[in-house]
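Structural features, examined
The residues making up each chain are set out below.
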Amino acid sequence: MTHSGPSHTLIVVLAVLLTCATAGALSEVPPRSAGGQALVIPEKHLEAGEVYHVTPGRGTQLMWHGETPLMRMTTTCNRVVGYFVAPFDIEQGQTPLLAGAFRLPVASLSAGIAQYDAQLHGPQALNKAAYPEITFRMTGVTDVEPTGEESTRQSYTLELVGELAVKDKTVALQIPMQLTFQPFTWGTMQLGMGDKLILRGRCEVKLADIGLVPQQGRSNPDMSFQVGEFDFYLLCSTMSPERNLYPDITHEQYRQQLRFVTLLRDFDDPEKGYEFGRTFMHESWDDAKALNRLAWAALTEDGIKTRDLAFALKAAQRASELTGSKDADILNTLARAYYERGELDPALKWQRQAAEHLEGADPQVTGQVRSALKRYEARVKKSQE
Amino acid sequence: MPRRSSSTRLCVLRQLTLVSLAFMTGGSAAPAFAQWLQWGGPNRDFSCDSAGLADKWPEGGPPTIWSSEIGPGHSSVVVDADTLYTMCRRDEKDAVLAYNAKTGELVWEKQYDAPIREPVLRGFPLSPHSTPLVVGERIFTVGGMTEFHCLNKKTGEILWWHDLMRELGTSHVRRGYGASPIAYRDMVILNTGPNRGQDGPGLTAFKQDTGEVVWKSETFGGGYTSPILAEFNGEDHLIVALGADRIGLDPSTGKTRWRTQVDFQSYGIMATPLWIAPGKLLCTAGYGGGARLFKIGLNDEGEYAVEELWHYLKMQVTHGTVARIGDVVYGCHEGSFGPAFLMALDLKTGKPLWRKRGFAKANVLHADGRLIILDEEGTLALATATPEGLEVHSKVKVLERLSWTAPTLVGTTLYLRDHHTIMALDLGPTANQ
């Protein structure tokens, strides 16, 4: 039995995702905020009601299925950024949703197969270099039906009307959705603070309508889907993803940190990301905590594909220098930078030093330092065998 | 059976309310020795009878009378004639501070050891949160780790003290003890509740002169909410909100007079209850709690009964202050770290009248027909609040985040602090210029 393997399949699949030259107006979706993890909410929407920010990074927010007799593909995204507006107090008969929009970086769409993802993001398909984001703008709702009220939770079904913009194409959508308002409870706290709004729906989109059509002569009908099914699960919160709760971090530093991570992780743009990071590092050259956060993000943030270990080491070294090599949290980062570079001796040296400065440290830092020390010791021991 | 009021009822409260009768000789209506001797001001409700506030401030803000260094702490300022008192953290010690209220000069500072008592939640300063209480020649303070002191207000000498956690099992609720003491007759009364699930007096009364325990209440869990005193049905009531309990006690004995429980979501209450004479109580809680209005009454058997009149979920004041003007209460909704809204709530209906963005989580203070607003970013504002809306006359950044300390107004002098700076601002007519 022969097995075509993922690469063959992907090449075929991507062959169907070619650009359409038809131009179309992009929806007017608000730009990203300075940190990149929320949108700039228009004043009229702030006045209109409660704003629920889409919460990126919490599970799968968007699935995009394509299916043919010979194959089935699912592409997912968990970096959707956006907002929806609801009345502060929803009266009977009132529409529960007043406005909304979201953006998602093309680079964050992934089927979990590197080659497929590269082709999907590439110039022959979604072309992330020219069109880095897909956007959606709500234009209205229809067919609103309350479906129940349980304690303080309110649910509705409705059809969300809006425009999806992919590359230079815009398509009108009408998405049947379930909508649930879940005020904050001690039980929902594990999902973050703030009141919640959950939007769930699915719709089909003809790929041709969003500028993705099979390339003539290269498509296999049994492996070239014409229709994609979009499945949305948007957990939204009144607490912005950019809300800085930490008193020892300035809002500007917090936004810069988010922007750095957004460029690297969500947009997979190491060039812009590390350029921004170097500027941030320069501006924070005398701020050990800011440098430490920068280095730690570069080393450990999930989803960053390109890790500049020299960049991280430089930030961590400076942070350690500023604190006299006595801060356990910073030493833990410095050791991690060496460890990721494969320099086990300095990694172990600094991790041991971190363990010697745990007095008064946050319990979470203490746990991290001790577990990392065990890991490094084991790794060194193994390397010596 | 309820008894009639005595002549000594709420005498200490009145002492605090009735500011010195000495008035300035220069013809100004402002009292020379106006005072703010306890958390929340004369009536513990963040409303005061100051007059003569400027209509608006210069672009740079109201004139600074003085500004001085201070350490971390949320403890607010109390003012007794020419001296103000507050607390802060100094490394592993707590400090009680006395400043000259007119110049900002430090008069005395009393430090005492206050090592961190695990388990605590770090991330926010574990500095003193509780506001001192001045009665007569004494000042009463509680530090974040539950050390309760009585000091000579002139010298800072410690007259007596208690370790509440060790002696009574008092919880510091992991972020540091936060309730402020209250005086009643010759007693000072404190929250002393234990951690949830443990036994220990919810409140305890101490003799002001000796520190001797006068009474201990039944068990209520520890909490941040400061108790208040109110008169109802010819009796004095000590009212406090602890966990899910909303409680009225006899302040003479600590016996529970009435008690009701709300849903668990309001367990994290921190804001001070607001008494609305003749028999209503407003409690607001953050973290999904919301605002509730209770009616305190008597049932057919002549026993106290509590009825919840309404519950409005979207006015969640976490640890800020609210102010009542007529039938409207004004405060800052801070929905479990969502956006902050200054808002007005109709006490008759429990419905919002308006809400306004533009401030971070804020404390409010009512005086002279104005609302003084201080948000956690250190932005200070002067506004007029009516049932129709909020008109902001002036707005200026004066402090750094997190400015959680409630402002203090004595005459036309406003006292503010954050974790670095304490200051006095002139809100009087000169601020117009």
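Residues numbered from 1 in each chain as written. Chains lettered and ligands numbered in written order. Predicted model: local features only at pLDDT ≥ 70, side-chain atom pairs only at ≥ 80, totals over all residues. Heavy atoms only, no water.

**Quick word on the overall build of chain A**
What counts here: Put simply, DSSP marks the helices as runs of H or I at least four residues long and the strands as runs of E at least two long, and each gets a number from the N terminus on. A radius of gyration in this sense is built from C-alpha atoms; the matching globule rule multiplies 2.2 Å by the number of residues raised to 0.38. Should any heavy atoms of two residues lie within 4.5 Å, those residues are considered in contact. Accessible areas in this description were obtained via Shrake-Rupley with a 1.4 Å probe; residue shielding takes into account the shown protein chains only. Asp and Glu are treated as the negative residues and Lys and Arg as the positive ones, with His and the ends of the chain left uncounted. Lys charges are placed at NZ, Arg charges at CZ, Asp charges at CG and Glu charges at CD.
Across its full length, chain A carries 10 helices and 12 strands. Taken over the C-alpha trace, chain A has a radius of gyration of 24 Å; the compact-globule value for 385 residues is 21 Å, and the two agree within 12%. Seen along its three principal axes, the alpha-carbon backbone of chain A occupies a region of about 65 × 60 × 40 Å. Counting only contacts in chain A whose residues sit at least 6 apart along the sequence, the fraction spanning at least 24 positions is 66%. Accessible surface computed for chain A: about 18,000 Å², of which carbon and sulfur atoms make up 49%. Side chains of chain A carry 39 positive and 47 negative charges; the gap between the two charge centres is 6 Å.

**Considering the domain arrangement of chain A**
All names here are of chain A. The condition that has to hold: Delimitation of the domains relies on an automatic or database domain assignment. One side-chain nitrogen of Lys or Arg within 4 Å of one carboxyl oxygen of Asp or Glu is enough to make a salt bridge.
Taken as a whole, chain A is organised into domain 1 (5-237) and domain 2 (251-384). The C-alpha centroid of domain 2 is placed 34 Å from the C-alpha centroid of domain 1. Listed by partner, the interface residues are 12 residues for domain 1 and 9 residues for domain 2. For the pair domain 1 and domain 2, the interface holds 2 salt bridges. Its salt-bridge partner being Lys-128, residue Asp-268 comes within 3.6 Å of it at the nearest N-O pair.

**Comments concerning the pattern of salt bridges**
Quick reminder of the rule: Burial classes: relative accessible area under 20% of the type maximum marks a residue as buried, over 50% as exposed, and values in between as partly exposed (1.4 Å probe, protein chains only).
For the structure on display, the rule yields 39 salt bridges over all chains. Among the salt bridges present, the one from Lys-289 of chain A reaches Asp-248 of chain A, with a minimum N-O distance of 3.6 Å. Taken as a pair, Lys-289 of chain A in helix α6 (residues 288-300) and Asp-248 of chain A in the loop between β12 (227-237) and α4 (251-266) lie far apart in primary sequence, 41 residues in all. Taking the relative accessible area as the measure of exposure, Lys-289 of chain A reaches 45% and is therefore partly exposed. On the accessibility criterion, Asp-248 of chain A (46% relative accessible area) is partly exposed. Arg-90 of chain B serves as the salt-bridge partner of Glu-69 of chain B, at 2.9 Å between the closest nitrogen and oxygen. Of the two residues, Glu-69 of chain B is situated in strand β2 (residues 64-69) and Arg-90 of chain B in strand β4 (residues 83-90); the sequence distance between them amounts to 21 residues. A relative accessible area of 18% means that Arg-90 of chain B is categorised as buried. Salt bridges sharing partners connect three or more residues here, namely Arg-79, Arg-265, Asp-266 and Glu-301 of chain A.

**Brief notes about the packing of helix α9 (residues 344-355) of chain A against helix α10 (residues 363-384) of chain A**
Residue and element names in this part refer to chain A. We apply this condition: The convention used is that axes are lines fitted to C-alpha atoms, helices contributing only their stretch in contact, and that angles between N-to-C directions extend from 0 to 180 degrees. Throughout this description, any angle smaller than 35 degrees is read as roughly parallel, any larger than 145 degrees as roughly antiparallel, any in the 65 to 115 degree range as roughly perpendicular, and the remainder as oblique. We call a crossing left-handed when the near helix sits turned anticlockwise from the far one by less than a right angle, and right-handed when that turn is clockwise. Only Asp, Glu, Lys and Arg are considered charged in this grouping, and only Ala, Val, Leu, Ile, Met, Phe, Trp, Tyr, Cys and Pro are considered nonpolar; every other residue, Gly among them, is considered polar.
Between α9 and α10, the shortest axis-to-axis distance is 9 Å and the interhelical angle comes to 150°. The angle between the axes of α9 and α10 places the two elements in the roughly antiparallel class. Considering the relative orientation of α9 and α10, their crossing is left-handed. Contacts from Leu-344, Ala-347, Leu-348, Gln-351, Arg-352, Ala-354 and Ala-355 of α9 reach α10 at Gln-368, Val-369, Ala-372, Leu-373, Tyr-376, Glu-377, Arg-379, Val-380 and Ser-383. When its residues are assigned to classes, the contact of α9 with α10 shows 10 nonpolar, 3 polar and 3 charged.

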